[in-house]
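The lines below spell out each chain.
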Amino acid sequence: MKVVALFVSLFVCAQAFSPMVSNVRSSTSLNESLFTRIAKMDLFAPVKDQNDYGARKKKNVKVGKLTDKSYIPAGLSKAQYEKVRQQEAAKKAANYERNVKKAGIFTDYTDWYKERGTDKNSEWKKSVTLGHRMAKTKYDWQGNENTKFTVWAKKADKKK
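Residues numbered from 1 in each chain as written. Predicted model: local features only at pLDDT ≥ 70, side-chain atom pairs only at ≥ 80, totals over all residues. Heavy atoms only, no water.

(A) Expanded view of the overall build of the protein. In terms of regular secondary structure, the protein is built from five helices and zero strands. Taking all 160 residues of the protein together, the buried fraction comes to 8%. In the protein, the proportion of contacts linking residues at least 24 apart, taken out of those at least 6 apart, comes to 21%. Roughly 15,700 Å² of accessible area belongs to the protein as shown, and the carbon and sulfur atoms make up 58% of that amount. (Helix = DSSP H or I, 4+ residues; strand = E, 2+ residues; numbered from the N terminus. Buried < 20%, exposed > 50% of the residue type's maximum accessible area, 1.4 Å probe, protein only. Contact = heavy atoms within 4.5 Å. Areas by Shrake-Rupley, 256 points an atom, 1.4 Å probe, with all protein chains shown as cover.)

Shown next as structure tokens:
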């Protein structure tokens, strides 16, 4: 009798901790994973080009107005400080526009590779520059006498 009671109690305990079998499938509102939904979000949808290089001119970016509680450096009046801030803002805007004009200008590697002749022979290897393009320098080192480096460089005093 004790053996039968032991088997019945083990069976009941096993049934209590086993998962219930159900043929009904619960549905969720997500048909795809959370990561997929987040990855497909277009956070720039309202304004597609708001983060493009050069988009600063479309935004309302300006220097703040000075009030009575604003910091003004010692030795400057409010008008003088506003003028300095406007000049700095104009300089910053001009520099940004200068850089925007240079954006997207590049040399196609395939064209450069073929122009150098790398795909045909190794004549480029015999040149002084080894196929590299050299950067421009501020001075003309061997050309026009007026723009030569020696004209602009300071001469050492020989009287010392």
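So much for the structure itself; the text now carries on.
(B) Representation of the confidence of the model for the protein. In the predicted model, the protein carries a mean pLDDT of 78, and the fraction of residues at 70 or more is 78%. Confidence scores differ between elements of the protein, with helix 5 (residues 149–152) showing the lowest mean pLDDT of 55 and helix 3 (residues 78–102) the highest of 92. (pLDDT = per-residue confidence, 0-100.)

(C) Spotlight on the pattern of salt bridges. Applying the stated criterion across every chain yields a total of one salt bridge. Here D49 makes a salt bridge to K58, at a shortest N to O gap of 2.4 Å. (Salt bridge = Lys/Arg side-chain N within 4 Å of Asp/Glu carboxyl O.)

(D) A look at helix 1 (residues 2–17). The end-to-end C-alpha separation of helix 1 is 23 Å, in line with the 22 Å expected for 16 residues at 1.5 Å each. Among the 16 residues in helix 1, zero count as buried, and that is only a small part of the element. (Expected span 1.5 Å × (residues − 1).)

(E) Geometry of the environment of S70. Position of S70 relative to the elements: it lies in the loop between helix 2 (34–39) and helix 3. Judged by its relative accessible area of 23%, S70 is partly exposed. A polar side-chain atom of S70 sits 2.7 Å from the main-chain amide nitrogen of T67. (Polar contact = N/O pair within 3.5 Å; in protein donor to acceptor, adjacent residues only side chain to side chain.)

(F) View of the packing of aromatic side chains. Taken as a whole and judged by the stated rule, the model has zero aromatic pairs. If you follow R56 out to its NZ or CZ, it ends over the ring of Y96, 3.8 Å from the centre. (Phe/Tyr/Trp six-rings, centres within 6.5 Å; stacked < 30°, edge-to-face > 60°. Lys NZ or Arg CZ within 6 Å of the ring centre and 35° of its normal.)

(G) Geometry of the side chain of R85. Take R85: it is sitting in helix 3. There is a polar contact of 3.1 Å between the side chain of R85 and the backbone oxygen of G64. Excluding residues that lie within four positions of it along the chain, R85 makes contacts with V63, G64 and L66.

(H) View of a nonpolar patch on the surface. A cluster of nonpolar side chains, namely L34, I38, M41, L43 and F44, defines an oily patch on the protein surface of about 540 Å² accessible area. Position of F44 among the secondary structure elements: in the loop between helix 2 and helix 3. For F44, a relative accessible area of 37% puts it in the partly exposed group. (Patch = residues over 30% accessible without salt bridge, like charges linked within 9 Å, V, L, I, M, F, W, Y side chains within 5 Å.)

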